[in-house]
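So you can see what is in the structure, the chains are spelled out below.
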Amino acid sequence: MTDDIAAQPAALDAPSPAGTYAGDPALRAEWDTRYADRQQLWSGRPNGALVAEVAALTPGRVLDVGCGEGADAVWLARGGWDVTALEVSGVALERAVGHARDADVSVRWIHASLTDAALPPASFDLVSAQYPALQRTPDSAAERALLAAVAPGGVLLLVHHAGMDTHEPDDSGFDPADYVWPSMVAALLDDDWEVEVDEQRPRVAPEGGAGAHHTDDIVLRARRLR
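A brief look at the structure comes next.

### A look at the pairing of strand β4 (residues 124-130)
- Counted residue by residue, β4 has six buried out of seven residues, so it is predominantly covered.
- With six bridges joining them, β4 and strand β5 (residues 150-161) adopt parallel strand pairing. Looking across to β5, one finds that Ala129 is bridged to Leu158.

### Some thoughts on the pairing of strand β2 (residues 82-87)
- The buried fraction of β2 amounts to five of the six residues, a majority that puts the element mostly inside the structure.
- The parallel pair strand β1 (residues 61-65) and β2 is bridged by helix α3 (residues 71-78), and the resulting crossover is right-handed.
- Pairing between β2 and strand β3 (residues 107-111): five bridges, direction parallel. Across the sheet, residue Thr84 finds its bridge partner in β3, namely Arg108.
- In this view, the connection linking β2 to its parallel neighbour β3 by way of helix α4 (residues 90-103) has right-handed handedness.

### Here we look at the packing of helix α1 (residues 25-36) against α4
- Running from N to C, α1 and α4 cross one another at 55°; their axes reach a closest spacing of 7 Å. It follows that α1 is oblique to α4 by the angle criterion. Mapping the contact onto sequence places Arg28, Asp32, Tyr35 and Ala36 in α1 and Gly90, Val91, Ala92 and Arg95 in α4.
- A per-class count over the contact of α1 with α4 returns four nonpolar, one polar and three charged.

### Some words on the packing of aromatic side chains
- Counting across every chain of the model gives one aromatic pair.
- Plain terms: the ring middles of Trp31 and Tyr35 are 6.3 Å apart, the flat faces sit at 45° to each other, and that makes the pair tilted. Residue Trp31 and its partner Tyr35 are located together in helix α1, separated by four residues, close to a single helical turn. Of the two residues examined, Trp31 and Tyr35, each falls in the buried class.
- Over the aromatic face of Trp31 sits the side chain of Arg34, whose NZ or CZ is 4.2 Å from the ring centroid.

### Describing the side chain of Arg224
- Structurally, Arg224 is set in strand β7 (residues 216-224).
- It is Asp192 that comes nearest to the buried, bridge-free Arg224 among opposite-charge side chains, at 5.9 Å.
- At a separation of 3.0 Å, a polar atom in the side chain of Arg224 contacts the main-chain carbonyl oxygen of Arg226.
- Those residues in contact with Arg224 that sit more than four places away from it in its chain are Ala122, Leu147, Ala148, Val150, Ala151, Pro152, Gly153, Gly154, Asp192 and Trp193.

### Looking at the pattern of salt bridges
- Under the counting rule described, the total for this entry stands at 11 salt bridges.
- Salt-bridge contacts for Arg34 lead to Glu30; the nearest nitrogen and oxygen are separated by 2.9 Å. Here the residue Arg34 and the residue Glu30 both occupy positions in helix α1, the gap between them amounting to four residues, near one helical turn.
- Its relative accessible area of 34% is what places Glu30 among the partly exposed residues.
- Between Arg201 and Glu53 there is a salt bridge whose closest N-O contact spans 2.8 Å. On the criterion of sequence distance, the pair formed by Arg201 in strand β6 (residues 193-202) and Glu53 in helix α2 (residues 48-54) is long-range, its members being 148 residues apart.
- Take Arg201: its relative accessible area is 19%, and that puts it in the buried class.
- Each of Glu53, Glu196, Glu199, Arg201, Arg221 and Arg223 takes part in a single network of salt bridges with overlapping partners.

About the criteria used
- Residues numbered from 1 in each chain as written.
- Predicted model: local features only at pLDDT ≥ 70, side-chain atom pairs only at ≥ 80, totals over all residues.
- Heavy atoms only, no water.
- Buried < 20%, exposed > 50% of the residue type's maximum accessible area, 1.4 Å probe, protein only.
- Helix = DSSP H or I, 4+ residues; strand = E, 2+ residues; numbered from the N terminus.
- Pairing = 2+ DSSP bridges.
- Right-handed = clockwise from strand over helix to strand, strands pointing away.
- Axes fitted to C-alpha atoms, helices over the stretch in contact; angles between N-to-C directions.
- Parallel < 35°, antiparallel > 145°, perpendicular 65-115°, else oblique.
- Contact = heavy atoms within 4.5 Å.
- Nonpolar A, V, L, I, M, F, W, Y, C, P; charged D, E, K, R; others polar.
- Phe/Tyr/Trp six-rings, centres within 6.5 Å; stacked < 30°, edge-to-face > 60°.
- Lys NZ or Arg CZ within 6 Å of the ring centre and 35° of its normal.
- Lys, Arg positive; Asp, Glu negative; His and termini not counted.
- Salt bridge = Lys/Arg side-chain N within 4 Å of Asp/Glu carboxyl O.
- Polar contact = N/O pair within 3.5 Å; in protein donor to acceptor, adjacent residues only side chain to side chain.

In structure tokens, the structure reads:
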């Protein structure tokens, strides 16, 4: 089965690493390696900030950006959301598809980077990006893609680890200057948006999985007014 990166993403049962991928091949290879190194990279449970922030929202169309192994996508689908989940790693997507099948829920899977996915504009009632590794570019392409996907009346929910943006570059190759942080997205919000939450708070972290050592989140929730 191949992936559909059309303007209206189709539901996919089993995205294949050999199928169509829209994005930087090096980025895909990097994340495939990370996932392949461990049988399970994340906890398998939905992110705490997502659960807290979505509780009061009426289910509609949701885009899960960087869905990983699918825990958030499955949880949202179980809650009645119409889920489209996007991921650069084919290894992660295969796991996510299996988890959705085990949970007997339907999810549209897109094998692409956010900026290459050709998503239908202004089409999602919720765009959720939980700890995304979005590449920073001079034209703010990833930030603008997040905002463009939100329908009028819809919500952008962006959550990241507090303090990551001020880390020094390290030997692993991580440099915070290479990535998009919530403050960069917030800086692009104009009068068409209402910021509902922009704060640092203790992280409600699922047990186990990579990243469990982070203790605080930055949570940005903004509603598109028009």
